[in-house]
Amino acid sequence: MNIQRFFMISACLGVIFSTLSAAAQDEIDTLFDEATLELTYFNFDTAYSLFGELREQVGSESSELWQKATLGLALSAQSKTPATRDALAEAQALYQSLIDTAPKSAYAARALISLGRIAEIRDYGGDVIDLDAARDFYEQVLDGWPDAMVGDEAALRYADTYFQQFEDPDVVAEGVRFLEGWAEGRDNQMMAPVIWEVIANVKHDQLNDPAGALAAFLKADELGLAEPNAACTLYYRAANLAENQVGDIDTAIRLYQKVIVEAPRSGRAFNAQLALEALIEQYPDKSIEIPQIKMFISNDEDAPPAAEGAAP
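The sections below set out a description of the structure shown in this document. In this text the structure is predicted, and so the values were computed from the model without any measurement.

Some remarks on empty space enclosed by the protein
Under the counting rule described, the total for this entry stands at 1 cavity of 30 Å³ or more. The computed volume of the largest cavity comes to approximately 140 Å³. Secondary structure elements with two or more residues in the lining of the largest cavity: helix H10 (192-205), helix H11 (210-223) and helix H12 (231-246). A class-by-class count of the residues in the lining of the largest cavity yields 6 nonpolar, 2 polar and 2 charged.

Here it is in structure tokens:
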């Protein structure tokens, strides 16, 4: 769980309770910032104490700041190391209080996701994994927030409860079918490329479906890869898949070329050139271009304009 990103998304929502005096407001703002900072630094014990103090000072459960403080307190309790039964039980109770207090809020959705994670992960010795309970929590998010990003996150986590049962391909395939159905008509959603990348990886790694994996990857590429910095590795892997497992040589050529053009400084660019050279030998009837690896600006036309007053 990426706790830093996880909490900062929720912490940016809403407006701090406005009926406090200016001095009290400043004190609470400072306390909230300190607690959030400690959480992002993974100092969970300190964050737990600060969010507990903040929650007591705010008092009113109707305020959004109380909900933020409760979420921070629950995250801190859940994330303490080593994990204990009591700490997890406290986190569960805090999450449930958010759901009971503001059942339609973004904080309730986040609480349900966290309850699902607690159910599906073995946090301490003797802890029992309950995938059915996890799915129930995720389904509540799917039903309650279908158009929000948290809905897409819940869909991925719901599907992953099936992918974890890798010893049974039929169960894994059920998770893929769910995720493909969820992704239909959601091309404009921010998480759509991530969903299709996950589908591609599962079809390739767990279901031995290279054609399906390639189709899913191409869909992710069409929508825009979620992590451009990893594009070189993804393109190269997909090109290998197209060439060696699917036999789609034209797609393989295009993807090898994208590695060279879009990630020239990656270690895969030279490998992609070698792959294209081998394909030229194998398919002399095809017109295959091998792009040059452009490491530096090569001519004046590509150079940015000089700053005003700069020496020629």
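Read on for the rest.
Regarding the pattern of salt bridges
Going through the model one piece at a time under the given rule, you end up with 12 salt bridges. Here glutamate 153 and arginine 110 are joined by a salt bridge, their closest N and O atoms 3.1 Å apart. On the criterion of sequence distance, the pair formed by glutamate 153 in helix H8 (residues 149-163) and arginine 110 in helix H6 (residues 106-120) is long-range, its members being 43 residues apart. You'll find glutamate 153 and arginine 110 in the same group, each marked buried. Note that glutamate 262 and lysine 258 form a salt bridge whose closest N and O atoms lie 3.8 Å from each other. Note that glutamate 262 and lysine 258 are positioned in helix H13 (residues 249-262) at a spacing of 4 residues, about one turn of the helix. A residue is classified by how much of its surface remains accessible, and lysine 258, at 17% relative accessible area, is buried. Salt bridges here are not isolated pairs; linked through shared partners, they connect Arg110, Glu153 and Arg157.

Digging into a negative patch on the surface
A cluster of acidic residues, Glu27, Asp33, Glu34, Glu53 and Glu56, forms a negative patch at the surface. Elements with a contribution of two residues or more to the negative patch: helix H2 (22-40) and helix H3 (44-58). Locating glutamate 34 in the fold gives a position in helix H2.

Observations concerning unusual backbone geometry
One can expect most non-glycine residues to show negative phi and most peptide bonds to be in trans. Omega for the peptide link from threonine 81 to proline 82 comes to -5 degrees, which places this bond in the cis form. With respect to the helices, strands and loops of the structure, proline 82 is situated in the loop between helix H4 (64-79) and helix H5 (85-101). The phi dihedral of phenylalanine 42 is positive, around 65 degrees, even though this residue is not glycine. Of note, phenylalanine 42 is situated in the loop between H2 and H3.

A short note on the packing of aromatic side chains
Describing an aromatic ring pair means giving the distance of the ring centres and the angle of the ring planes. Per the stated rule, a full pass over the model turns up 6 aromatic pairs. Centre to centre, the rings of tyrosine 158 and tyrosine 162 are 5.6 Å apart; their planes meet at 55 degrees, and the pair counts as tilted. Taken together, the residues span about one helical turn, with tyrosine 158 and tyrosine 162 both in helix H8 at a distance of 4 residues. The pair tyrosine 158 / tyrosine 162 is uniform in exposure class, with both members buried. Within the aromatic cluster, the residues linked to one another by ring pairs are Tyr158, Tyr162, Phe178 and Trp182. The side chain of lysine 80 reaches across the aromatic face of tyrosine 48, ending 3.6 Å from its centre. The ring of tyrosine 162 has arginine 135 lying over it, and the distance from NZ or CZ to the ring centre is 3.9 Å.

Comments concerning the environment of arginine 157
Relative to the assigned elements, arginine 157 resides in helix H8. With sequence-adjacent residues up to four places away left out, arginine 157 is seen in contact with Ile113, Arg117, Glu120 and Tyr138.

Conventions adopted
- Residues numbered from 1 in each chain as written.
- Predicted model: local features only at pLDDT ≥ 70, side-chain atom pairs only at ≥ 80, totals over all residues.
- Heavy atoms only, no water.
- 1 Å grid on protein atoms, 1.4 Å probe; cavity = no way out; pocket = protein on both sides within 12 Å on 5 of 7 lines; lining within 4 Å.
- Points joined across faces, edges and corners; volume = space filled by probe spheres on them.
- Helix = DSSP H or I, 4+ residues; strand = E, 2+ residues; numbered from the N terminus.
- Nonpolar A, V, L, I, M, F, W, Y, C, P; charged D, E, K, R; others polar.
- Salt bridge = Lys/Arg side-chain N within 4 Å of Asp/Glu carboxyl O.
- Buried < 20%, exposed > 50% of the residue type's maximum accessible area, 1.4 Å probe, protein only.
- Patch = residues over 30% accessible without salt bridge, like charges linked within 9 Å, V, L, I, M, F, W, Y side chains within 5 Å.
- Areas by Shrake-Rupley, 256 points an atom, 1.4 Å probe, with all protein chains shown as cover.
- Lys, Arg positive; Asp, Glu negative; His and termini not counted.
- Charge placed at Lys NZ, Arg CZ, Asp CG, Glu CD.
- Phe/Tyr/Trp six-rings, centres within 6.5 Å; stacked < 30°, edge-to-face > 60°.
- Lys NZ or Arg CZ within 6 Å of the ring centre and 35° of its normal.
- Contact = heavy atoms within 4.5 Å.

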